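Per-entry structural report
Single-letter residue listing:
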Amino acid sequence: MPLLSRIYFNAVFGALGGLLGWMLYGVFGERNPDSATFNALLGGALIGGVIGYFVVSVEAIRDLSLVKFARLASYGAGLGALGGAIGMLIGDKVNYWIVGAAAAATGETGLSGGALILTMLARGVGWSLLGMAIGMSEGFAARSLGKFSYGTLGGAIGGFVGGVLFQLFYAEAIQRGSTDYFWNAMGLVILGACIGSLSALVQAAFQPASVRVLRGWQEGREYPLEKPASLLGRAEHADVALFRDMKVEKQHAVIRRDHEQYVLVNNGAPAEQTRVNEQPIAASIALQDGDRIQLGNIVLRFQLRAALNRARAKRALPTATAT
């Protein structure tokens, strides 16, 4: 299914970013042992930058679009590094305070019981800033207010969940000794996977409409329509990338959103190569849920999120039995 595929790719690339972030942190993250603040900022920037680099650019990687990749990756790495640095610093400061307060109250050192729960929540809040930064960078890169808001919410949720789990593994690493790096690495892998997967899930839940490829390049792929005007074509920067079909123009058509109405606009392509429900389109046509759009040899299906939700709700209703 398209949604599961999108969540899967985001989770995998997020986890990869977490793993590489852990490796970079191990090499460069503790250059100044006398400054915990500097180490937290540098380490968070490295981890956040790499996770943001992979999560934000995953769509461009799937499209094999170099131009889009360069734009998305730069936003993801920059804002991810900023969010990671601030998030790790806040998480470390709050965690140190909680551990110190717990030790003063109980006379015991280490993380256990209530202190562990509080540090997990604190780390979740801190890393939620990283998730928010990654979600925001997706919206900035796509120039989409909808993607900005949905991505920020999804990233914050993913960062919080991932941060809580990260702190759990981090506490386990402390109990096992500072030379055991496995649990630290596992925590960052889970952090990246949570940010990537939950960000994709929330965006998919709130996206107003989409087009799904029924035949052609990236068959089965679903592209969200989150911008006021989404470009369809072979251009590297197209919102709906339709490569490998020379009958598709670089800027073949645009789907414009006017409140709840979507309109397909032919962008100067031959009418015979721009069809909706087999009808040639020379200028424009209003789209209805389920319409089949054919550009060149590629066939797409237009889907309204509201219609999909109604269909799912209808299927979930129990079947009435005759009395």
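A separate point is empty space enclosed by the protein. By the definition in use, this model includes three cavities of 30 Å³ or more. Estimated volume of the largest cavity: approximately 320 Å³. If you trace the largest cavity, you find 21 residues lining it, with K68, A142, K147, E226 and D239 closest to the centre. Listing elements by their share of the lining of the largest cavity, those giving two or more residues are helix 2 (36-63), helix 3 (66-106), helix 4 (113-142) and strand 2 (222-224). The class makeup of the residues in the lining of the largest cavity is seven nonpolar, three polar and 11 charged.

We now examine the packing of aromatic side chains. Enumeration over the complete set of coordinates arrives at seven aromatic pairs. With a centroid separation of 5.3 Å and an interplanar angle of 80°, the aromatic rings of Y53 and F54 are classed as edge-to-face. By relative accessible area, which is 14% here, F54 ends up buried. The interplanar angle of 55° and the centroid separation of 5.4 Å between the aromatic rings of Y262 and F302 together place this pair among those described as tilted. Of this pair, Y262 sits in strand 6 (residues 261-266) while F302 sits in strand 11 (residues 298-304), and the two are 40 residues apart along the sequence. You'll find Y262 and F302 in the same group, each marked buried. Put simply, the rings of F13, Y53, F54 and F69 pair up and form one aromatic cluster.

Once that is clear, we can look at the confidence of the model for the protein chain. In this model, the protein chain carries an average pLDDT of 80, and 84% of its residues clear a pLDDT of 70 or more. Within the protein chain, the element-level pLDDT minimum falls on helix 7 (residues 305-316), averaging 52, and the maximum on strand 10 (residues 292-295), averaging 94.

What counts, and at which threshold
- Residues numbered from 1 in each chain as written.
- Predicted model: local features only at pLDDT ≥ 70, side-chain atom pairs only at ≥ 80, totals over all residues.
- Heavy atoms only, no water.
- 1 Å grid on protein atoms, 1.4 Å probe; cavity = no way out; pocket = protein on both sides within 12 Å on 5 of 7 lines; lining within 4 Å.
- Points joined across faces, edges and corners; volume = space filled by probe spheres on them.
- Helix = DSSP H or I, 4+ residues; strand = E, 2+ residues; numbered from the N terminus.
- Nonpolar A, V, L, I, M, F, W, Y, C, P; charged D, E, K, R; others polar.
- Phe/Tyr/Trp six-rings, centres within 6.5 Å; stacked < 30°, edge-to-face > 60°.
- Buried < 20%, exposed > 50% of the residue type's maximum accessible area, 1.4 Å probe, protein only.
- pLDDT = per-residue confidence, 0-100.

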